[in-house]
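Chain residues, written in single-letter form:
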Amino acid sequence: MSSSMLLAPLCRAFGMVGAAVALATGFLTLVSVLMRAVWSQPIPGDVEMTQMGIAFAISMCLPYCQLQRGNIIVDFFTQSSSEGSRHRLDAMGNLSLVLLYGLLAWRTSIGALSVREAGETTMIISLPMWWAYACLAPGLALAGWVALVQGLFGQSQSNQEVTG
């Protein structure tokens, strides 16, 4: 099975995990606000958990966004270009994203190791900070993989995914 055949289901799975975490984070916030309003006592560390949860959710949704070509594209200068020129520019943009996603995945991985070694925790509920960094790397790496496949082989995956 080729890597491009794995992309759509894997990106969908990452996106579903990201969406579930975002929903859980929203529910956590709702409960904390209600507890604050009714009992004047929010959930301890709700802001810390929300920050970590939303960062994780976003990173997990990035591969699906990349697969769907959901990033903002400003085509003002290229709309009068030939289709071939636009495809080449899209390929160059995707390959630039590979570098960006790769750099971010690498640095968050290195950051996770560094923060783990330092033993840093959150202030209120003492969650290990390295968890937040480590959870970002898989989504960033998969988004980079998607951008690489799109840059090298075109963007056919998104058309299949949108209509499928």
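Everything numeric here is computed off the predicted structure, so don't read it as measured data.

Enquirer: When you look at the overall build of the protein chain in this model, what are you seeing that I'm missing?
Expert: The helix and strand tally for the protein chain stands at 5 helices and 0 strands. Going from N to C terminus, the protein chain has its helices and strands arranged as α-α-α-α-α. Taken against the 2.2 N^0.38 rule, which gives 15 Å for 164 residues, the C-alpha radius of gyration of the protein chain at 19 Å runs more than 25% over that of a compact globule. Each principal axis of the C-alpha atoms in the protein chain carries an extent, and together these give about 65 × 35 × 35 Å. For the protein chain, buried positions account for 30% of its 164 residues.

Enquirer: Would you mind showing me how to read the packing of helix α3 (residues 83-118) against helix α4 (residues 129-153) here?
Expert: The relative placement of two packed helices is expressed as an angle between their axes plus a distance between the axes. At a minimum axis separation of 7 Å, α3 and α4 run at an interaxial angle of 160 degrees. Considering their axes alone, α3 and α4 lie roughly antiparallel with respect to each other. Viewed along their axes, α3 and α4 form a crossing whose handedness is left-handed. Split by residue class, the contact of α3 with α4 holds 21 nonpolar, 7 polar and 1 charged.

Enquirer: Can you help me understand the nonpolar core in this one?
Expert: When a protein is soluble and globular, its nonpolar side chains tend to lie buried together. The biggest cluster of nonpolar side chains holds 10 residues, and these are L7, A8, C11, F14, F56, M60, L67, L142, V146 and V149. Within the residue set of this core, elements represented by two or more residues are α1 (3-39), α2 (46-67) and α4. With 4 residues, α1 is the largest single contributor of residues to this core. In this structure, A105, L140, A143 and A147 belong to the second largest nonpolar core, which totals 6 residues.

Enquirer: Even after reading the chapter, I still don't get unusual backbone geometry, so can you show me in this structure?
Expert: Among all residues except glycine, the phi angle is most often negative; among peptide bonds, the trans geometry is most common. Even without being glycine, R69 reaches a positive phi, approximately 55 degrees. Accessibility expressed as a relative area gives 40% for R69, which makes it partly exposed. A positive phi is found at S126, a non-glycine position, where the angle reads about 55 degrees. Following the sequence through the fold, S126 ends up in the loop between α3 and α4.

Enquirer: Even after reading the chapter, I still don't get the side chain of T25, so can you show me in this structure?
Expert: Its place among the elements puts T25 in helix α1. According to the relative accessible area criterion, T25 is buried, its value standing at 7%. A polar side-chain atom of T25 sits 2.7 Å from the main-chain carbonyl oxygen of V21. When neighbours within four sequence positions are excluded, T25 is seen to be in contact with T50, G53 and I54.

Enquirer: So what exactly am I meant to see when it comes to a nonpolar patch on the surface here?
Expert: On the surface, a cluster of nonpolar side chains totalling about 590 Å² of accessible area is made up of I72, V74, F76 and F77. Residue classification places F76 among the exposed positions, given a relative accessible area of 58%.

Enquirer: Just checking my understanding: could you explain the state of the cysteines for this structure?
Expert: By definition, a disulfide links two cysteine residues through a covalent bond between their sulfur atoms. As enumerated under the stated definition, the model contains 0 disulfides in all. C11 takes part in no disulfide bond, and the closest cysteine sulfur, belonging to C65, lies 10 Å away. Take C65: it sits in no disulfide, and the sulfur closest to it among the cysteines is that of C61, at 8.8 Å. Given a relative accessible area of 24%, C65 falls into the partly exposed group.

The rules we used
Residues numbered from 1 in each chain as written. Predicted model: local features only at pLDDT ≥ 70, side-chain atom pairs only at ≥ 80, totals over all residues. Heavy atoms only, no water. Helix = DSSP H or I, 4+ residues; strand = E, 2+ residues; numbered from the N terminus. Rg over C-alpha atoms; globule rule 2.2 N^0.38 Å. Buried < 20%, exposed > 50% of the residue type's maximum accessible area, 1.4 Å probe, protein only. Axes fitted to C-alpha atoms, helices over the stretch in contact; angles between N-to-C directions. Parallel < 35°, antiparallel > 145°, perpendicular 65-115°, else oblique. Left-handed = near helix turned anticlockwise from the far one by under 90°. Nonpolar A, V, L, I, M, F, W, Y, C, P; charged D, E, K, R; others polar. Core = buried A, V, L, I, M, F, W, Y, C linked by side-chain atoms within 4.5 Å. Polar contact = N/O pair within 3.5 Å; in protein donor to acceptor, adjacent residues only side chain to side chain. Contact = heavy atoms within 4.5 Å. Patch = residues over 30% accessible without salt bridge, like charges linked within 9 Å, V, L, I, M, F, W, Y side chains within 5 Å. Areas by Shrake-Rupley, 256 points an atom, 1.4 Å probe, with all protein chains shown as cover. Salt bridge = Lys/Arg side-chain N within 4 Å of Asp/Glu carboxyl O. Disulfide = S-S within 2.5 Å.

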